[in-house]
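# Analysis of the macromolecular model
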Amino acid sequence: MSDLAKGGVVGAAFGEVFAILHDAVKHVIGQIKMFKPELELLQSTLDGVESTVRQIEELRIALNFPEKETKSLVEQMKKGKDLVDKCSKIKRWNWKYYVKAYFYSKKLSKLNRAIERFCRVNLITQIAETGMETLSQVNQNARIGSETLTQMKENAMTGMETLAVANQNKTIGSETLTQVKQNTRTELEIKAEVNKNTTIGRETLDGVKHNTMIGLETKAEVSQNTRIGKETLTAVRTMSLALESQKSDVKKKYGTLSCAVPKPRDYIVGFDLHLKELKRKLLMEEVSVLILTALGGCGKTTLVKMLGWDKEIIGIYMDRIFFVNVSKTPDLKVIVQNLFNHNCYDCPEFQSNEDAINQLEQLLNQIGTKVTKPILLILDDVWPESGSLIEKFKFNIPNYKIVVTSRQAISRFDFGLNLNPLDHKAAMELLRHSASLQDGSSYILEECMEKIVRYCGGLPIALEVIGSSLRRKSVEVWQSTVMGWSEGHSIFDSDNEVLACLQKSLDFSADKIILKEYFMDLGLFREDQRIPATALIDIWKELHEPSKNDVHAIANLHELNSRNLVSLVMTRKDAEEVNNYYNEDFVTQHDLLRELAIQLSSQKPIIERTRLIVDIRENNLPDWWMKSQRINARLLSVSTDELFSSSWCNIQAPEDKALILNFRTRNYTLPEFVKIMVKLKVLIVTNYGFFPAELSNFQLLNSLPNLKRIRLEKVSISSLYNTLVQWRSLKKISLFMFNIGQTFGNSTIQVSDSFPNLMEINIDYCNDLVELPAWLCEFL
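Presented here is an overview of the structure given in this document. (Residues numbered from 1 in each chain as written. Predicted model: local features only at pLDDT ≥ 70, side-chain atom pairs only at ≥ 80, totals over all residues. Heavy atoms only, no water.)

### Some words on the overall build of the chain
Rules: Secondary structure elements are taken from DSSP: a helix is a run of H or I of four residues or more, a strand is a run of E of two residues or more, and numbering for both begins at the N terminus. Summary of the burial criterion: residues with accessible area below 20% of their type's maximum are buried, those above 50% are exposed, and those between are partly exposed, where the area comes from a 1.4 Å probe applied to protein chains only. Surface accessibility follows the Shrake-Rupley procedure with a 1.4 Å probe radius. Residue values consider only the protein chains on display as shielding.
When you go through the chain residue by residue, the secondary structure sums to 23 helices and 18 strands. Counting all 780 residues of the chain, 47% fall into the buried class. Roughly 40,600 Å² of accessible area belongs to the chain as shown, and the carbon and sulfur atoms make up 50% of that amount.

Below you can see the structure in the form of structure tokens.
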């Protein structure tokens, strides 16, 4: 590097500072772990341009060209030297450590980009300018040579004319000598004249010889300049070819090759913060595999495409960013073959998947070990069943990282990022764009948009499909669409693409197919309400897997949570320390996912449905209900609003095993048809109103011999013992925000006799429970 400091096309000052910076980086690179990636990248850049700058310096010396101005970059590199010194002196115990570390890291990256930009753009441009100046000098020298040759010809002609004059003078001299005899005085004068003319002729001949020599030297110089010009032109063409090669590489990266990162769509909204967070986690030194999870249609693929096209990420990984769409049934050999082809290597024929992985490791080692160049592999749409595939792509290669998109969190990897739906502002903007609306839309249309955004819950795919379907439609069509939803119509009735997209999240393997049943059960509960985790467990345990204990149902709840089909909220900080305690935990679900669960449960005729979900507004019972017909549902959910008067019509549901009653009135009467549900195992009664409700007609439960689990929320019963009989099958009672009052009082009947098989009592948030009642002590 000291040779480079002596001068060059970039100037002696630049060469000197270049060498000082380079030496400083090499001196501290092994001493500062915090900035090691940035310093290694900076050293790689300096090493890469050193030979090019030295060659150009030799050419400058040969051509004796002046130095170019590089004051700005020289100043930056001087500051870079000071920055490296500061980095080596930063102290961890200093309270400004993290602020300085972040600031210095950004400055090192900026310095590296400045040197790269100068050497890849300014330097090449300067070389081209130097070549053009040389060619111009060559042309000028050629012109001077041509003029010199012309002068030589003129001088030669003058010499010949002089020789002719000399010959003529000699003739005259001979004639004069003949006359000497006649006149001696005249002869002497003529002889003196001849001698004089002869001297002039000889001097002229010497001048001709001298001019000829000058012409030959000029011709040699012209030949030398021509040779130098040709060499310079060759160097310029070589640099041009290098630039074309670089352009070709870029074209390969962003072109049509199979593993290039696809270009994200032109219009993206609401992903800037997600991208920033994804980059932050990716660039953490300890991260080797990063899992990006979200519901199908939330924009996982869009986000990783943005990552692959981000300028900062490209500046780090260059053309070593590979994008692979894994899909549900991946072919490992084909994936590896595409990676070989993308990197312009002849792909060997793999004998097995193991052979393909071994060959891929060699390929990545060859790509990544050139000055430890970073490599980024993006595995898009990895299904839960293909989680082991990620392990196969993990290699012990420095600065090699993997980003994975999946609908489910993969627990074997420590670092992950969950992609949430769009916020309200971004969702409105996306809907407006998808529908091609201008800012000046009417107030009525704005009101419809607000309802659509709330209904879609920030899911980009839903907003885009619905917005496109309403593009250039009249306000009346918008209103009709929203009114259709408010009347109970599903968004999926008219937008099959949304349904198809979300249904992909329900493609389970054979051993996990029960999860689809679990998912469909979520539609039994009220929209936008928290679903108690224990209520779900009660249903799943008794109806779907009665031979297994609660732990299995809990495990499946976590499975749904990891697949982003529900959100499990654990309110207790020490929940993990209390085995199987989920009384305070609850589940929330995206509105569109609930719609999907209801849609899937409603595909058959009403009398044939396994799950029957009824939403009654005011006293408007469905037409089929008025006919008092028999239904075959095993799970029945009936929701009523605050205007319902409890005027039930009888229906026949003898096969029902789970009954969910949701209401909002101050007084609620159990429907008469409950008494004929002889197979009922689970009863869940929930008051979603603000005030507690009085629950009556509770004696109907006396006729249910198989009832095993009861959950009562925000209700009260005047006296349970007025109707209490022996419930021999009952195993669990859950009372949440229940007014205990005299429910279990004023009776001589022992509770233990009424509930001989009761194993669990859950009492939570019952404010009037001051002390444990006597009947409870019977079970302790």
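Alright, that's what it looks like, and here's the rest.
### Overview of a positive patch on the surface
The test is simple: Nonpolar side chains (Val, Leu, Ile, Met, Phe, Trp, Tyr) within 5 Å and like charges within 9 Å form the patches, drawn only from residues with over 30% relative accessible area and no salt bridge. Salt bridges are identified by distance alone: a Lys or Arg side-chain nitrogen within 4 Å of an Asp or Glu carboxyl oxygen. Only four residue types enter the charge count: Lys and Arg as positive, Asp and Glu as negative, with His and the chain ends excluded. Note on charges: their place is set at NZ of Lys, CZ of Arg, CG of Asp or CD of Glu.
On the surface, Lys79, Lys86, Lys100, Lys107, Lys110, Arg113 and Arg117 cluster together into a positively charged patch. For the positive patch, the secondary structure elements donating two or more residues are helix H3 (71-89) and helix H4 (97-178). The topology assignment puts Arg117 in helix H4.

### Remarks on the sheet that holds strand S4 (residues 400-406)
Quick reminder of the rule: We call two strands paired when DSSP finds no fewer than two bridges between them. Geometry is summarised by axes, namely lines fitted to C-alpha atoms with helices restricted to the contacting stretch, and by angles between N-to-C directions that run from 0 to 180 degrees.
Taken in spatial order, the five strands of this open sheet run S2-S3-S4-S1-S5, and their pairing is parallel. Both edges of this open sheet fall to strand S2 (321-327) and strand S5 (415-418), since each of them pairs with a single strand only. The mean angle between the axes of side-by-side strands here comes to 20 degrees, regardless of whether they run parallel or antiparallel. When S2 meets strand S3 (residues 375-382), the two strands line up parallel, connected through six bridges. When the sheet's bridge partners are listed, Val324 is paired in S3 with Leu379.

### A short note on unusual backbone geometry
Positive phi is not limited to glycine here, since Ser436 has a value of about 55 degrees. With respect to the helices, strands and loops of the structure, Ser436 is situated in the loop between helix H12 (424-434) and helix H13 (443-456). Of note in the backbone geometry, Glu618 takes a positive phi value of approximately 55 degrees without being a glycine. Secondary-structure assignment places Glu618 in the loop between strand S9 (611-616) and helix H21 (623-626).

### Regarding the packing of helix H18 (residues 533-544) against helix H19 (residues 550-562)
Rule in force here: Roughly parallel refers to an angle under 35 degrees, roughly antiparallel to one over 145, roughly perpendicular to one between 65 and 115, and oblique to any angle outside these ranges. Should the near helix be turned anticlockwise from the far one by less than a right angle, the crossing is left-handed, and should it be turned clockwise, the crossing is right-handed. Contact definition: two residues touch when any of their heavy atoms are within 4.5 Å. All amino acids are sorted into three groups, where Ala, Val, Leu, Ile, Met, Phe, Trp, Tyr, Cys and Pro are nonpolar, Asp, Glu, Lys and Arg are charged, and the leftover types, Gly among them, are polar.
Relative orientation of the contacting elements H18 and H19 amounts to 120 degrees, with a least axis distance of 9 Å. Taken together, H18 and H19 sit at an angle that is classed as oblique. Seen from above, H18 lies across H19 with right-handed handedness. Between H18 and H19, the contacting residues are Ala533, Leu536, Ile537, Trp540 and Lys541 on the first element and Asp550, Ala553, Ile554, Leu557 and Leu560 on the second. Among the residues making up the contact of H18 with H19, the classes are represented as eight nonpolar, no polar and two charged.

### A few points about H19
The test is simple: For a helix, the expected span equals 1.5 Å multiplied by the number of residues minus one. Two N or O atoms form a polar contact when they lie within 3.5 Å of each other; inside protein one atom must be a possible hydrogen donor and the other a possible acceptor, and for residues adjacent in sequence the pair counts only when both atoms belong to side chains.
For H19, with 13 residues, the first-to-last C-alpha span of 19 Å sits near the 18 Å given by 1.5 Å per residue. Listed in full, the buried residues belonging to H19 are Ala553, Ile554, Asn556, Leu557, Glu559, Leu560 and Ser562. In this structure, the buried residues of H19 make contact with helix H17 (514-521), H18, strand S7 (567-569) and strand S8 (586-588). The backbone nitrogen of Val551 has a side-chain oxygen 3.2 Å away, supplied by the residue at the start of H19, namely Asn549. Within two residues after H19, Asn564 carries a phi angle of roughly 65 degrees, on the positive side.

### Digging into the pattern of salt bridges
Across all of its chains, the model carries 21 salt bridges by this definition. A salt bridge links Glu517 to Arg611; its shortest N-O distance comes to 2.5 Å. Of this pair, Glu517 sits in helix H17 while Arg611 sits in strand S9; the two residues are 94 residues apart in sequence, bridging distant segments of the chain. Notably, a salt bridge pairs Glu655 with Arg630, separated by 3.7 Å at the nearest N-O pair. On the criterion of sequence distance, the pair formed by Glu655 in the loop between strand S10 (635-640) and strand S11 (658-663) and Arg630 in the loop between H21 and S10 is long-range, its members being 25 residues apart. With a relative accessible area of 43%, Arg630 lands in the partly exposed category. The network of salt bridges with common partners includes Asp538, Glu542, Asp550, Lys708, Arg709 and Lys732.

### Examining the environment of Pro262
Mapping Pro262 onto the fold places it in the loop between helix H5 (184-254) and helix H6 (272-282). The residues touching Pro262, leaving out its near neighbours within four places in the chain, are Lys305, Trp309 and Phe323.

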